[in-house]
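# Coordinates in review
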Amino acid sequence: MRARAALGCALLALVHAGAQGVSTSVSLRSIRVEGGSEDDQRFARAALGLEPGRPVDPAAFRRALEAVRLVDRFQSVDGHLDPDGTARLQLVPLVPLAAWTWEGNPLPRSFRKTILPELEKGQRLGPLRLEAFRALAEQRLREGGYPRAEVRAQSGEGGRTLRFTVALGPAALIPSARIGGHPAPYKPETLLKVAGIQPGRSLWTAGFPREAERRLRAKFVKDGHLEGLATVRPADGAGGEALIEVEPGPKVKLKAEGLSLLGPLFGRPRLTDFVPLARADRYSPSLLEEGGGRIATYFRDQGYPEVRVTFDRRVTGGTAERPEAVTITYHVVPGPQRLIRNVRVEGNRELSEAQLRPALQLPRRYFVLAPQAKGETMRALEDRLTAVYLQRGFPEVRVRRRVEANKDGSVDVRLVVREGRQRFLRELVLDLPQDPGFPPERLEGSLLLALSDHPVPLKDGPGRRFGSDRLHLLGSRGTLESTPGRVRLVFDRPLPLVRNDLALVVSDLRQRLSSLGSANPQVRIAFEDDDAQSLVRIQVPPQPLDHLHRVVVQGSDRTRAEAVLRELAAPAEAPLDPLKLDESQVRIAGLGAFQRVDFLGVSDLPGQKDQGWRRGDMALQLQERNPWVFTESFGYDKTQGYHFGLNTQRLNVGGMGRTLDFGARAGDQTLRIPALRRAFPTGDVKRSLDSYSVGYTDPWFLPGTLDSWLPSRTRLRMEGAYIEEAQAAFFARRRRFTTSFEWKLGPVQSVSLGYRFERVEVGANTDANNNPLISDQDLFYLARTPPRSIISAPYLQVVVDRRDKPYDPTEGAFFVARLELANQLFGTSANSSFVKLDVRHQWNWPVGFRAEHGVVSAGIRVGLARPTAQSAEDLPLSERFFGGGPYSVRGVEPDMLGEILRPTSQTGTLLPQIIPLGGQGLALVSLEYRFPFIGQSVWGEVFADSGQVYRSLNPDKNTAAPFPAMRTSLGLGLILKLGFPLKLEYAADWKRIMGRPRSADEQDTQLKSLLISAGFQF
């Protein structure tokens, strides 16, 4: 409190020095800031909140000076407002922190590295942050067993040094511990050890009782004492001796009658999943009732509406008063499983059966089985039927269901409808205040939501006309008429009055008012009835609108002011839009420089609650993160073998949110460890992908460039890499440099324009024993590929990603198309130029509510490439398309799709190993169904893949089969969801399954073992 009072006095003294030049309001002519760096001046101007040309009075200028001081990076802030309207600001910045010391009582060993991990060199600690660090250190000492600890902090040398003085006071030691209750069968010393209590050494901290109780409870549960209880508290109620009340209780055995023992193998919950005895922090008899309720709910959801669940507790050891062992048995009588046979409607007069039938159709289980009579299914029928009536203007509709059992165990569902009166809407009127702050063009769009989810402008008549995209309103049109203070939406024919649509209009209107700066958007709605048709009048009463006046940025020590302030989506004096503030917070967090980003009002800062700050005075609190990030990785699949990865990132380079990253991926080509090669096999061919890379990313490159053509934000990415790639067809060394510019065109769309320069050296690969598969010269001749290539290729890439989760999608689509031009004009080798197009599209559809029954995925990929040099017979081997293996046709060995080469030895003997040649064309189609198999952690899948690699897009006319038929494989797999999906798959050619004849190439390239991969088929 003393420190806070001193801080307040200092601020008042500084405020008195400012704004002495004028006594009345003047028009601000200019702002002149002296002292400090460019970043200091930028942050100061943002906190001032003053704009030239606007009037400012002495009180407002003093308030602006107070805001600058709250930036908390200055030793002093002085200012004057001259009579001519010039605002002068003098800054004396703090020096970055270089060292700090701890004096007074020595810190306990447990606190030496944990008391203030947030304190780092380079921070500028003004009085506010210094007080926050001091209070935090004091709080942690008190919570850590020193209840009277005091910490003082003093800054020196202009902020370069910092001295903490610590007075620990007496430690809250636990001198002794007493065991109460009935501890048997545990000994006191065992309980003390489990609780972590060492009398005379352990400290009584704020979290000590809870942690000790948790550890004792975990020990009881581990030993089978599921009803065990433990309470830790001071014996005298205020620290000192610890009293441990324990009741281990008897050993508990859970049993169930009526639950299948094999159920967990098919994804059904175990008894322990239903009864939360082992998971509960404390035992309570109500947990047994809760377990019975969960079992009953589960069976009702599986179509057993008449399930009965009871339980009994039987003593099997000891006495009834002091039991040593008990058995809790749940008795489950599921009753018959009910399936829905028929669903019909009664009481409908205005709507026909044909209009209602789509709402009554239920999806069949696994596409063929009748739906189960679940409670949620019944409720869904009622809700869907009610929704149909509401959409057609029956606001008073009521639906009741009646269920009748049939002799075969199925049920018929009768939905009895009381329709009520149908009402219509002929016109919507929006009345606005006569104030330029409420422009009709910003608010009129809300009315269109009564007609359409995505209004469609029409040009078939006078005025602004719009059509509907809703199924039940197709053909309906509305005309929007706007005048100062009023907007009317008149429909060419009355629409059904749907209260939910009107609620959507009002909700959207409130959102738009909030975006205009209204703190509490007010909207009134009134109905003017004319028989069955209504005119709905929506009124926006006059209300204050706030604007963004200033932004006080705290905690940006290493990050430049330009990098932070340009991420603000709302400029100064713009309407205070909460959505813009949220967008700004997300954009600043996206820089990767901060581990915490908080947007709040200045009045919410410590000590500023009743200081008269306005709603538009905002504060941005930042906490910078460690700029160095280290990550390790391991991966394996049959296509590329195993690899270990090490990545290092340097974040916030230059304080501008830029990133410098270093990556190393070491596979078998680098490590050459036989034991790992045997543990992670790749078949008869050596496969590996090793790389060493350096990358640089600028999230905002050349701001303001081409703003009239493209979005204002350009992301620059540059990378240099050395890659060694060993696959079935070749071994290649790549020296690659890439650069790209990326623009976000929308929430899910992005466009990249880039350039790739690559020098490639290609040779023959080896088998698993490092024996060459073929000589280099034979490979160059037979594959018609140059030994060395220089690829210089600009490219254009478009990505549209609507998936809910990139690595484990359950719904949404993903599209990517890449066009690459490697022409001699750009520096490509004379025998290596080409043009290449690669297009991929994937769809995901959930089965059941939130994909509870699985996900159906479909994907296509089309690749086309043509050599453009007259001297080149084919593409370089490293640029061809290859197929087979994971993410391709899974019934074919990796890379073995398409034409293959059968090498011979020097004596003319045919070698057993075959070599794929790749091609200029690629076509892939896949369809798969993934479904829960054991809970949500183990899924199964069935899939079908079809595809082919075509050697040439312009084959020789004498070729027997220039475009061979696509190869199709059917397979199944197991998916282990361990944070990311790990897949075990096997597939076979459909000809093999059907007993059809296959060629020798098809037999030799068929999948020979399981496929192990991460991710999903594309």
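Residues numbered from 1 in each chain as written. Predicted model: local features only at pLDDT ≥ 70, side-chain atom pairs only at ≥ 80, totals over all residues. Heavy atoms only, no water.

A few words now on helix 8 (residues 286–301). Taking 1.5 Å per residue, 16 residues should reach 22 Å; helix 8 reaches 23 Å between its end C-alpha atoms and fits that length. Looking at the buried side of helix 8, the elements it contacts are helix 7 (271–274), strand 13 (308–318) and strand 14 (323–333). At the exit of helix 8 stands Gly303, carrying a positive phi of roughly 95°. (Helix = DSSP H or I, 4+ residues; strand = E, 2+ residues; numbered from the N terminus. Expected span 1.5 Å × (residues − 1). Contact = heavy atoms within 4.5 Å.)

The subject of this paragraph is the pattern of salt bridges. Applying the stated criterion across every chain yields a total of 83 salt bridges. Between Arg677 and Asp668 there is a salt bridge, with the nearest N and O atoms lying 3.0 Å from each other. The class for Asp668 is buried, based on a relative accessible area of 3%. Among the charged side chains, a network of salt bridges with common partners joins Glu725, Arg734, Arg736, Arg756, Glu758, Arg818, Glu820, Lys836 and Glu879. (Salt bridge = Lys/Arg side-chain N within 4 Å of Asp/Glu carboxyl O. Buried < 20%, exposed > 50% of the residue type's maximum accessible area, 1.4 Å probe, protein only.)

This part covers the layout of surface pockets. Of the pockets and cavities examined, the second largest pocket occupies roughly 1,800 Å³. Considering the residues around the second largest pocket, the lining is formed by 47 residues, among which Tyr298, Gln302, Gln372, Lys374 and His853 are closest to the centre. Across the lining of the second largest pocket, the residue classes break down as 25 nonpolar, 12 polar and 10 charged. (1 Å grid on protein atoms, 1.4 Å probe; cavity = no way out; pocket = protein on both sides within 12 Å on 5 of 7 lines; lining within 4 Å. Points joined across faces, edges and corners; volume = space filled by probe spheres on them. Nonpolar A, V, L, I, M, F, W, Y, C, P; charged D, E, K, R; others polar.)

Looking now at empty space enclosed by the protein. Going through the model one piece at a time under the given rule, you end up with three cavities of 30 Å³ or more. Here the largest cavity is characterised by a volume of approximately 50 Å³. If you go around the largest cavity, the residues you meet are Gln391, Leu425, Ala450, His472, Leu473, Pro496, Val498, Asp501 and Leu502. Per-class residue counts for the lining of the largest cavity are six nonpolar, two polar and one charged.

What follows covers the environment of Ala503. Turning to its location among the elements, Ala503 is positioned in helix 12 (residues 499–515). C-alpha of Ala503 to C-alpha of Gly763: the two residues are 260 residues apart in sequence and 68 Å apart in space.

What follows is about the sheet that holds strand 15 (residues 340–346). Taken in spatial order, the three strands line up as 15-17-16 in an open sheet, and their pairing is mixed. Each of the sheet's edge strands pairs with one partner strand only, and the pair in question is strand 15 and strand 16 (398–405). Neighbour to neighbour, the strand axes of the sheet diverge by 20° on average, direction disregarded. Note: strand 15 against strand 17 (residues 411–418), six bridges, orientation parallel. Residue pairing in the sheet places Asn342 in a bridge with Asp412 of strand 17. (Pairing = 2+ DSSP bridges. Axes fitted to C-alpha atoms, helices over the stretch in contact; angles between N-to-C directions.)

Turning our eyes to something else, we now look at the sheet that holds strand 11 (residues 242–247). Within the open sheet, the three strands sit side by side as 9-11-10. Their pairing is mixed. Strands with a single pairing partner mark the edges of an open sheet, and in this sheet they are strand 9 (177–181) and strand 10 (229–234). Sheet twist, expressed as the average angle between the axes of neighbouring strands with direction ignored, equals 20°. Both strand 10 and strand 11 contribute to a ladder of six bridges, which runs antiparallel. Paired with Leu229 across the strands is Glu247, a residue of strand 11. With respect to the sheet, helix 5 (residues 188–195) is in contact with strand 9 and strand 11, its orientation differing from that of strand 9 by roughly 110°. Where helix 6 (residues 208–222) meets the sheet, its contacts fall on strand 10 and strand 11, and the angle it forms with strand 10 comes to roughly 160°.

A few words now on unusual backbone geometry. Cis geometry is found at the peptide bond from Ala184 to Pro185, where omega equals 15°. Relative to the helices and strands, Pro185 resides in the loop between strand 9 and helix 5. Positioned with a positive phi, Arg784 is a non-glycine residue whose angle comes to about 55°. Tracing the chain through its elements places Arg784 in the loop between helix 17 (776–783) and strand 35 (788–801). In the Ramachandran plot, Asp895 falls in the positive-phi region, its phi being about 70° despite a non-glycine side chain.

Here the structure, examined in full by the defined rule, presents 20 aromatic pairs. Aromatic side chains Tyr642 and Phe644 sit 6.3 Å apart centroid to centroid with 70° between the ring planes, which places their arrangement in the edge-to-face category. In this structure Tyr642 comes out as buried when scored by relative accessible area, which is 2%. Since its relative accessible area comes to 36%, Phe644 is described here as partly exposed. Each member of the aromatic cluster is reached from another via a ring pair, and the members are Phe634, Tyr636, Tyr642, Phe644 and Phe680. Seen from the ring of Phe527, Arg499 lies directly overhead, with NZ or CZ sitting 5.2 Å from the centre. One cation-aromatic arrangement involves Arg803 over Phe814; the distance from NZ or CZ to the ring centre is 4.1 Å. (Phe/Tyr/Trp six-rings, centres within 6.5 Å; stacked < 30°, edge-to-face > 60°. Lys NZ or Arg CZ within 6 Å of the ring centre and 35° of its normal.)

Looking now at the pairing of strand 42 (residues 938–950). The buried count for strand 42 comes to 11 of 13 residues, which makes it a mostly enclosed element. Two elements, strand 41 (residues 921–934) and strand 42, share 13 bridges in a ladder whose sense is antiparallel. When the sheet's bridge partners are listed, Val925 is paired in strand 42 with Ser946. Connecting strand 41 to the next strand, strand 42, in antiparallel fashion are three residues, including Gly935 with a positive phi near 60°.

A word on the packing of helix 5 against helix 6. Here helix 5 crosses helix 6 at 120°, and the two axes come no closer than 8 Å. The angle between helix 5 and helix 6 places the two elements in the oblique class. Packed against helix 5, whose contacting residues are Leu191, Lys193, Val194 and Ala195, the element helix 6 presents Phe208, Ala212, Arg215, Leu216, Lys219 and Phe220 at the interface. Its residues placed into classes, the contact of helix 5 with helix 6 shows seven nonpolar, no polar and three charged. (Parallel < 35°, antiparallel > 145°, perpendicular 65-115°, else oblique.)

Time to look at the pairing of strand 37 (residues 834–846). As paired strands, strand 36 (residues 812–822) and strand 37 are joined by 11 bridges and run antiparallel to one another. The residue of strand 37 that forms the bridge with Arg818 is Asp838. Note: strand 37 against strand 38 (residues 855–867), 13 bridges, orientation antiparallel. Paired with Trp843 across the bridge in strand 38 is Ala858.

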